Amino acid sequence: MIVALRPNSFVAMPRFVFLPGAAGRSSFWRPVADRLDDLGPVHLFGYPGFGEVPADPGVKSLDDLYRWIVERLPPGSSHVIAQSMGGIFAARLAVEPPERVERLVLVATSGGADVRRLGAAEWRDEYRASLPDVPSWFVDDRTDLTERLAAIRAPTLLLWSDSDPISPQAVARFLAAHIVGARIVTVAGGSHAFACERPDEVAAIIRSSSAPRAFAGPRTPGRPSHRVS
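Residues numbered from 1 in each chain as written. Predicted model: local features only at pLDDT ≥ 70, side-chain atom pairs only at ≥ 80, totals over all residues. Heavy atoms only, no water.

A.B. asks: What is the right way to read the overall build of the protein chain from this model?
C.D. replies: Within the protein chain one finds eight helices and seven strands. A buried classification covers 52% of the 229 residues belonging to the protein chain. A fraction of 77% describes how many contacts in the protein chain between residues 6 or more apart in sequence connect residues 24 or more apart. Within the structure as shown, the protein chain displays about 9900 Å² of accessible surface, and the carbon and sulfur contribution to it stands at 54%. (Helix = DSSP H or I, 4+ residues; strand = E, 2+ residues; numbered from the N terminus. Buried < 20%, exposed > 50% of the residue type's maximum accessible area, 1.4 Å probe, protein only. Contact = heavy atoms within 4.5 Å. Areas by Shrake-Rupley, 256 points an atom, 1.4 Å probe, with all protein chains shown as cover.)

Quick look at the structure:
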């Protein structure tokens, strides 16, 4: 794990935890995190065995990796921001030790849902070819958290592209229907990696969602999306 901790004052500030997707590298989120570090301490995770962090013999499954993350979370509650497969860990964090998640931002992720039945393109073959050293258990996992999504109570932002075949907008709508009060924001024209490719836009959206009243008002499923061009 690579952690960048940048406390800027002695006043209590929110903590920001960034979880990458299948690339497993903390560098994915660094451009966004660098634009938010004035808000509070930033913690960037990389996964063991994915290039940046040495493999851990105790991590042999997605459940093991989840526990590895939990053991390394900063104390107290955090704003948890996760991309792609990192959203599986984030959704579990928001359910299993819910007091650890103050706000949740899921970005182009499955969130633990079966995205294949929602029209998502298959990505695993190309992923294996491009990253042959990544643990096979990570690629083969089919975790389905659908039945547990309704238990998420943290204010949740769903940040999506309108042109991502790996996690199409149908996935965002599905998650919004299952997570109470979840709000969809759509970035026009972004790829699956838009969070890294367009850090100014993404950081601005996350900054806005981190404001105390960002989720004020009645929390009802499936609020209308907001498009950022």
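A.B. asks: In this structure, what is going on with helix α6 (residues 169-178)? I would like to understand it.
C.D. replies: Every α-helical turn comprises 3.6 residues, leaving residues that sit three or four positions apart pointing alike. The set of residues buried in α6 consists of V171, A172, F174, L175 and A176. At its buried positions, α6 is contacted by β5 (156-161) and β6 (183-187).

A.B. asks: What is the right way to read the packing of aromatic side chains from this model?
C.D. replies: Each aromatic ring pair is characterised by the separation of its centres together with the angle its planes make. In this structure the tally under the stated criterion is seven aromatic pairs. Between F18 and W29, the aromatic rings sit 5.3 Å apart at their centres with planes inclined by 45°, giving tilted as the arrangement. Remark: W29 occurs in the loop between β1 (15-19) and α1 (30-34) and F18 occurs in strand β1; sequence separation between them is eleven residues. By the burial criterion, F18 is buried, and W29 matches it. A centroid spacing of 6.1 Å and a plane angle of 70° characterise the contact between W137 and F138, whose relative ring orientation is edge-to-face. (Phe/Tyr/Trp six-rings, centres within 6.5 Å; stacked < 30°, edge-to-face > 60°.)

A.B. asks: What is the right way to look at the packing of helix α2 (residues 62-71) against helix α3 (residues 86-95) in this model?
C.D. replies: For any two helices packed against each other, one specifies the crossing angle of their axes together with the interaxial distance. Taken N-terminus to C-terminus, the directions of α2 and α3 make an angle of 60°; their axes are 11 Å apart at the nearest point. Note that α2 runs across α3; the crossing there is right-handed. On α3, the residues touching L62, D63, L65, Y66, I69 and V70 of α2 are I88, F89, R92 and L93. A class-by-class count of the residues in the contact of α2 with α3 yields eight nonpolar, no polar and two charged. (Axes fitted to C-alpha atoms, helices over the stretch in contact; angles between N-to-C directions. Left-handed = near helix turned anticlockwise from the far one by under 90°. Nonpolar A, V, L, I, M, F, W, Y, C, P; charged D, E, K, R; others polar.)

A.B. asks: Please explain empty space enclosed by the protein as it appears in this structure.
C.D. replies: It is a probe the size of a water molecule, rolled over the atoms, that shows where empty space is left. Applying the stated rule across the entire model yields one cavity of 30 Å³ or more. As a volume, the largest cavity reaches approximately 40 Å³. Looking at the largest cavity, the residues that line it are L73, P74, G76, S78, V80, L93, R100 and V101. Looking at the lining of the largest cavity residue by residue, the class counts come to five nonpolar, two polar and one charged. (1 Å grid on protein atoms, 1.4 Å probe; cavity = no way out; pocket = protein on both sides within 12 Å on 5 of 7 lines; lining within 4 Å. Points joined across faces, edges and corners; volume = space filled by probe spheres on them.)

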